[in-house]
Amino acid sequence: MSAPNSSYDPVEVTPLHPDEVARMRDEALSAIEAAGDLDELKEVRLAHASDRSPLALANREIGALPPAAKADAGKRVGGARRDVGQALKARQAVLENERDERVLVEERVDVTLPWDRTPRGARHPLTTVAERMTDVFVGMGFEVAEGPEVEAEWFNFDALNFEPDHPARTMQDTFFVENDEGGDSGMVMRTHTSPVQVRALLERELPVYVVAPGKTFRTDELDATHTPVFHQLEGLVVDRGITLAHLRGAIDAFVGAVFGEGLRTRFRASYFPFTEPSAEVDMECFVCRGSSVGNPEAPCRTCASEGWIEIGGCGVVNPRVLRAAGVDPEEYSGWAFGLGIERTLMFAHGVRDMRDMVEGDIRFSSAFGSEI
Ligand code: FA5
């Protein structure tokens, strides 16, 4: 191995010549100063401060110098690289600052601009009325029960004491559900919420105090007072010592809460296979309070001058229904009611035509406010 070349002059090594080092440094500093944004500065950093930059390559030459020359050359190149590093750092800070200020201006959000240009939706009044009706009974201690809309014929009819030839089972009233082969599936679109009575009795411990709001289906034509898809609120109480007087009290409380205090109610004898005795529930017309009856001078559109408005059906639960649900009618008795929710909405808010409720015109819902 030969001895180090002691006559080696670093000044003669071109990249280490003071003028050359100064030139590389000045070139780097002016490139840094000229960088207009952070991307350009990144390019400059690569060109003048990376491992392949002229100053880095010059630095490598120092290793081959004789020891005596290393310190001087190292100081020169190291000083130049330090100047470049500091200049890069300073320029980086300036450019980042400029970028932040630009972003603040370009991405400015004017919080004073109107934010609700899209009209707010409104819940359908049927939903809010159904909830209000339900709440009245929940306030009295009732629980909310549910059942399926596609219901077994047994729950919809048989368990409720509908004879196999009952007219309500025929195609005029009921949407029957076909099986995959197009035959009888034993399922129907429930024609009322009364099947929930049987489900509640089978699923719950006695006593039972439940209300069941829900969708029901009948093959009725859509007209001003009927729709094929409508809603009912079912009520059921089964306990010891229950009488019609309790039913009357619950209905009066409901009418008072939804239509106004002090309105009278009456039961008109009727027939449902699942209640005995059965009745239609009427309430006093809350518009004319009966003053239009026999008074052609002041007719009432709400009750057609009859003084009374029908709001649903009710009755004492037929012992056959209790037996079908495994309840001993000797020990327990009960009553049930079914109120039409569309009818309640019509009367409570003066909606004249049921078709308005189903056509989905947002202006109809909006008229009731955006109650949520
Ligand atoms: C029934 O559906 C019985 N399940 C009610 C019942 C329950 C009686 C518990 C006894 C005990 P009805 O078919 O009368 O009864 O219907 C009850 C209410 O539903 C009607 O008063 C009416 O408000 C509403 N309703 C019936 N058919 C339609 C229809 N096509 N469109 C809108 N509302 C209807």
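Residues numbered from 1 in each chain as written. Predicted model: local features only at pLDDT ≥ 70, side-chain atom pairs only at ≥ 80, totals over all residues. Heavy atoms only, no water.

## Quick notes on the site of the ligand
Reasoning step 1: As a structural note, the neighbourhood of the ligand is formed by 23 residues, with H192, S194, R218, D220 and R343 the closest of them.
Reasoning step 2: Here an oxygen atom of the ligand sits 2.9 Å away from a polar atom, N or O, in the side chain of R218.
Reasoning step 3: Residue D220 places a side-chain N or O atom 2.7 Å away from a nitrogen atom belonging to the ligand.
Reasoning step 4: Elements with a minimum of two residues in the shell around the ligand: β6 (229-239), β9 (308-317) and β10 (333-340).
Reasoning step 5: Partitioned by chemical class, the residues of the shell around the ligand number seven nonpolar, 11 polar and five charged. (Near = heavy atom within 4 Å. Polar contact = N/O pair within 3.5 Å; in protein donor to acceptor, adjacent residues only side chain to side chain. Helix = DSSP H or I, 4+ residues; strand = E, 2+ residues; numbered from the N terminus. Nonpolar A, V, L, I, M, F, W, Y, C, P; charged D, E, K, R; others polar.)

## Focus: the sheet that holds strand β3 (residues 176-178)
Reasoning step 1: One open sheet holds the three strands; their spatial order is β2-β4-β3, and the pairing between them is antiparallel. Two strands in the sheet have a free side with no partner beyond their single neighbour: β2 (150-152) and β3. The mean inter-strand angle of the sheet, taken between neighbouring strand axes irrespective of direction, is 50 degrees.
Reasoning step 2: Bridging between β3 and strand β4 (residues 184-189) involves three bridges; their strand directions are antiparallel. Counted as the bridge partner of V177 is M187 from β4. (Pairing = 2+ DSSP bridges. Axes fitted to C-alpha atoms, helices over the stretch in contact; angles between N-to-C directions.)

## Some words on the pairing of β6
In regular strands, side chains alternate between the two faces of the sheet.
Reasoning step 1: Buried residues dominate β6, accounting for nine of its 11 residues.
Reasoning step 2: With 10 bridges joining them, strand β5 (residues 208-217) and β6 adopt antiparallel strand pairing. By the bridge assignment for β6, F217 is matched with V229. (Buried < 20%, exposed > 50% of the residue type's maximum accessible area, 1.4 Å probe, protein only.)

## A closer look at helix α5 (residues 125-139)
Reasoning step 1: The terminal C-alpha atoms of α5, which comprises 15 residues, lie 21 Å apart, in line with the 21 Å expected from a rise of 1.5 Å per residue.
Reasoning step 2: Within the sequence span of α5, burial applies to P125, L126, T128, V129, A130, M133, T134, V136 and F137.
Reasoning step 3: Just past α5, the residue G141 takes up positive phi, approximately 105 degrees. (Expected span 1.5 Å × (residues − 1).)

## Looking at the domain arrangement of the protein
By convention, interface size is frequently given as the accessible area that disappears when the constituent parts associate.
Reasoning step 1: Split by domain assignment, the protein resolves into domain 1 (10-106) and domain 2 (125-366).
Reasoning step 2: Just the C-alpha atoms count here: the centres of domain 1 and domain 2 sit 87 Å apart. (Domains from an automatic or database assignment.)

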